[in-house]
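Residue strings, one per chain:
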Amino acid sequence: MGQKGVTVWFTGLSGAGKTTISEQVAKKLKEQGYKIEVLDGDIVRTNLTKGLGFSKEDRDTNIRRIGFVADLLTRNDVIVIVSAISPYRGVREEVKEKIGNFVEVFVNAPLSVCEDRDVKGLYKKARSGEIKMFTGVSDPYEPPTSPEIECRTDLEELDESINKVFASLQELGYLSEPVTV
Ligand code: ADP
């Protein structure tokens, strides 16, 4: 179908909704016949970037490796969906410049909301000190300054967030026809 490659990069705090939104976006695009690939931070850390920790250096290496794979796929006309906290602005910008066809999605909910959700029970562990260097609690998160899309998951319904992503991809010329949930 003459598909154009792009990396759709979801960044945000743990529990903000990156996986939830990106899974639905991926599912729908796949159903529509698009060639897609998903690189989820949690999964990537068990293989591609296994052994890396959570220092700034290791987090940046994690993102550079994800970016490297995303770039290869994007060049081969795949829609690549990346879901990773990616807390540092500098390396996100670096990866964005390298890939070019790059759409940044800031999945944004206040820390208090993410913490109340505590999907994986990690905030509790971070507060008790069981987990160190936890983004938002004991490690920095640098929000994007000009993301293509911002999903306020504390204020929007999930479908609204998903449709924002589709609308933007359509507007930027990556979808041949409108897609909605
Ligand atoms: P992350 O991948 O960013 O760590 P998850 O997707 O695992 O976050 O968890 C986000 C949680 O927030 C899920 O339990 C999801 O059901 C909930 N949620 C509530 N509203 C939204 C929304 N508008 N978009 C995405 N997730 C939402």
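Just so it is clear, the model here is predicted, and its values are computed rather than measured.

What counts and how
- Residues numbered from 1 in each chain as written.
- Predicted model: local features only at pLDDT ≥ 70, side-chain atom pairs only at ≥ 80, totals over all residues.
- Heavy atoms only, no water.
- Helix = DSSP H or I, 4+ residues; strand = E, 2+ residues; numbered from the N terminus.
- Expected span 1.5 Å × (residues − 1).
- Contact = heavy atoms within 4.5 Å.
- Phe/Tyr/Trp six-rings, centres within 6.5 Å; stacked < 30°, edge-to-face > 60°.
- Buried < 20%, exposed > 50% of the residue type's maximum accessible area, 1.4 Å probe, protein only.
- Near = heavy atom within 4 Å.
- Polar contact = N/O pair within 3.5 Å; in protein donor to acceptor, adjacent residues only side chain to side chain.
- Areas by Shrake-Rupley, 256 points an atom, 1.4 Å probe, with all protein chains shown as cover.
- Salt bridge = Lys/Arg side-chain N within 4 Å of Asp/Glu carboxyl O.

> Which residues make up helix α1 (residues 18–31), and what values do they have?
Helix length check: α1, at 14 residues, gives a terminal C-alpha distance of 20 Å against a target of 20 Å (1.5 Å per residue), a fit within 8%. On its buried side, α1 packs onto β1 (6–11), β2 (36–40), β3 (79–83), β4 (102–108), β5 (149–152) and α7 (158–171). G33 lies just past α1 and shows a positive phi near 95 degrees.

> Requested: an account of the packing of aromatic side chains, with residues and values cited.
The final tally for this structure, using the stated rule, is three aromatic pairs. When the centroid spacing of 6.1 Å and the interplanar angle of 20 degrees are considered together, the rings of F106 and Y141 count as stacked. Taken together, the positions of F106 in strand β4 and Y141 in the loop between α6 (122–128) and β5 put the pair 35 residues apart, joining distant regions of the chain. Across the pair, exposure class does not vary: F106 and Y141 are buried alike. Seen in terms of ring centroids, Y123 and F134 are 5.0 Å apart; in terms of plane orientation they differ by 85 degrees. Their pairing is edge-to-face. Taken together, the residues Y123 in helix α6 and F134 in the loop between α6 and β5 connect sequence positions 11 residues apart. Per residue, the accessibility class of Y123 equals that of F134, and both read buried.

> Can you explain the site of the ligand? Please cite residues and give values.
G15, G17, K18, T19 and T20 are the nearest of the 17 residues found near the ligand. Between L13 and the ligand, the recorded distance is 3.5 Å, taken from a backbone N or O atom to an oxygen atom. In this structure, a nitrogen atom belonging to the ligand sits 3.4 Å away from a main-chain N or O atom of L158. A total of 560 Å² of accessible area belongs to the ligand in isolation, and the protein chains cover 78% of it. Every element with two or more residues in the shell around the ligand is listed here: α1 and α7.

> How would you sum up the pattern of salt bridges? Please name residues and give values.
Tallied over the entire structure, the rule returns 12 salt bridges. A salt bridge links R59 to D139; the shortest N-O distance between them is 3.0 Å. A residue pair is termed long-range when its members are at least 10 positions apart, and R59 in helix α3 (residues 56–75) and D139 in the loop between α6 and β5 qualify at 80 residues. Judged by its relative accessible area of 6%, R59 is buried. Classification of D139 as buried rests on a relative accessible area of 15%.

> Describe unusual backbone geometry, naming the residues involved and giving the relevant values.
Its identity as a non-glycine residue notwithstanding, S86 has a phi of 40 degrees, on the positive side. Inspection of the secondary structure puts S86 in the loop between β3 and α4 (89–99). Positive phi outside glycine occurs at M133, with the angle close to 50 degrees. Here M133 is to be found in the loop between α6 and β5. Taking relative accessible area as the criterion, M133 reaches 38% and is therefore assigned partly exposed.

> Can you explain the environment of E97? Please cite residues and give values.
Within the secondary structure layout, E97 lies in helix α4. Spatially, the C-alpha atoms of E97 and D40 are 21 Å apart, while their sequence positions differ by 57 residues.

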